[in-house]
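Overview (structure and organization)
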There are 2 protein chains.
Amino acid sequence: MKPSLPEIHLEAWRRYYVSFWRVFAAVEADLAAAELPSLSWYDALYELYLAPERRLRMSALARSALLSRSGLTRLVDKLEQARLIERKACPEDGRAQYAQLTDKGVETLRKIWPVYRAGIAKYFATHLSEAEARQIAAMFTRVATAMQPPPVGATG
Amino acid sequence: MKPSLPEIHLEAWRRYYVSFWRVFAAVEADLAAAELPSLSWYDALYELYLAPERRLRMSALARSALLSRSGLTRLVDKLEQARLIERKACPEDGRAQYAQLTDKGVETLRKIWPVYRAGIAKYFATHLSEAEARQIAAMFTRVATAMQPPPVGATG
DNA sequence: GGAAGATAGTTGCATACGCAACAAAAATCT
DNA sequence: AGATTTTTGTTGCGTATGCAACTATCTTCC
């Protein structure tokens, strides 16, 4: 395969790629400095927060939180130890488990958010006008939805 | 701190964030399927390829390849075992080491590129016009350069 | 010139994550 | 209903990566 790929798209990719890693690392560093959990915890907790009844089945959460199923199992282990979520059996499906956000989980989300928000503002949003932000949102919506439920990664 | 952060910037961040992970995972999966090294290898090799005399000092390479110094040490260990680079003492500074790209390293870069390029095209570029790509390049250049040599992460 | 401090790269240890293999429970097919 | 296949979540194992601590070397300052 040799799809058309104008030079400017490569340039865009490169900038996008390095920006992402730098911003991501900076945000993670801010969270660590504030002794807060990392973004992977935030992502999982936030997805649960948005979900109906604040609970999601493990595989659904894995997809939302951009993790493999095994990765999610481990993450949920830790979140459960920290009392931020609880595992609950699923009545309709004996194989399945719900991850249920606890009040402490909501509270943790509220502690993380100001720091995360400040990072987004400092490292990302400052450099973008509202019109640009709107464009980014539109463009990356296309990119993300084209890949939808990511391949869900083989087995894992 | 409570920096101004209009909702649209948050939306932009979210889309950017999930797009990135999905595209990244898809590209890595393509590379793995083709039995090629992962992007971190590519990044390091490519930075060396661009460098004068195809060599860079370890810490410079760590910065370019978006890794901690310890992370880079390990990566270079593996690249050296694979004969893709060589470590060379630095005459001007007895503490320093050069990582020097080998011919085999260049060859490997050439094997990876078509697959990487196809991934960029399929998962990223398809969704963007040239004008949009130009905008992305411009916007993320601002984002990336504002953070310049990333904090270089403490010690490690 | 020598001591104190900074810097380059490496190593020990801990953590995060994925894949493959697995057990249990559906779902499907006959 | 019973056998086969699929799906769900977990576990074993390997890998990637960061931080802190370390050594060797360079720099600075007296």
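This text goes with the structure placed above it.
Residues numbered from 1 in each chain as written. Chains lettered and ligands numbered in written order. Predicted model: local features only at pLDDT ≥ 70, side-chain atom pairs only at ≥ 80, totals over all residues.

1. A closer look at the overall build of chain A
Secondary structure assignment for chain A yields six helices and three strands. Across chain A, helices and strands are ordered from the amino to the carboxyl terminus as α-α-β-α-α-β-β-α-α. Each of the 156 residues in chain A was classed as buried or not, and the buried ones make up 33%. Taking all contacts inside chain A whose residues are at least 6 apart in sequence as the whole, residues at least 24 apart take part in 52%. (Helix = DSSP H or I, 4+ residues; strand = E, 2+ residues; numbered from the N terminus. Buried ≥ 20, exposed ≤ 12 C-beta atoms within 10 Å, placed from the backbone. Contact = placed C-beta atoms within 7 Å.)

2. Side note on the protein's contact with DNA strand C
Contacts to DNA strand C come from 25 residues, most closely from A:Ser70, A:Gly71, A:Gly94, B:Ser59 and B:Ser70. Contributions of two or more residues to the surface near DNA strand C are made by helix 4 (69–81) of chain A together with helix 3 (58–64) and helix 4 (69–81) of chain B. For the surface near DNA strand C, the per-class residue count stands at six nonpolar, 12 polar and seven charged. (Near = placed C-beta within 6 Å. Nonpolar A, V, L, I, M, F, W, Y, C, P; charged D, E, K, R; others polar.)

3. A look at the relation of the copies chain B and chain A
Between chain B and chain A, the superposition needs a rotation of 180 degrees and an axial shift of 0.0 Å, giving an RMSD of 0.0 Å. As the rotation angle and translation indicate, the two copies are arranged about a two-fold axis. Comparing interface residues between copies, 100% of those in chain B also lie at the interface in chain A; the contact surface is shared. (Least-squares fit on C-alpha atoms with pLDDT ≥ 70 in both.)

4. Description of the interface of chain B and chain A
In this assembly, 49 residues from chain B lie in contact with 49 residues from chain A. Listed by contribution, the elements that provide at least two residues to the side of chain B that touches chain A are helix 1 (7–33), helix 5 (103–124) and helix 6 (130–147) of chain B. For the side of chain B that touches chain A, the leading source of residues is helix 1 of chain B, giving 17 residues. Residues of the side of chain B that touches chain A, tallied by class, amount to 35 nonpolar, five polar and nine charged.

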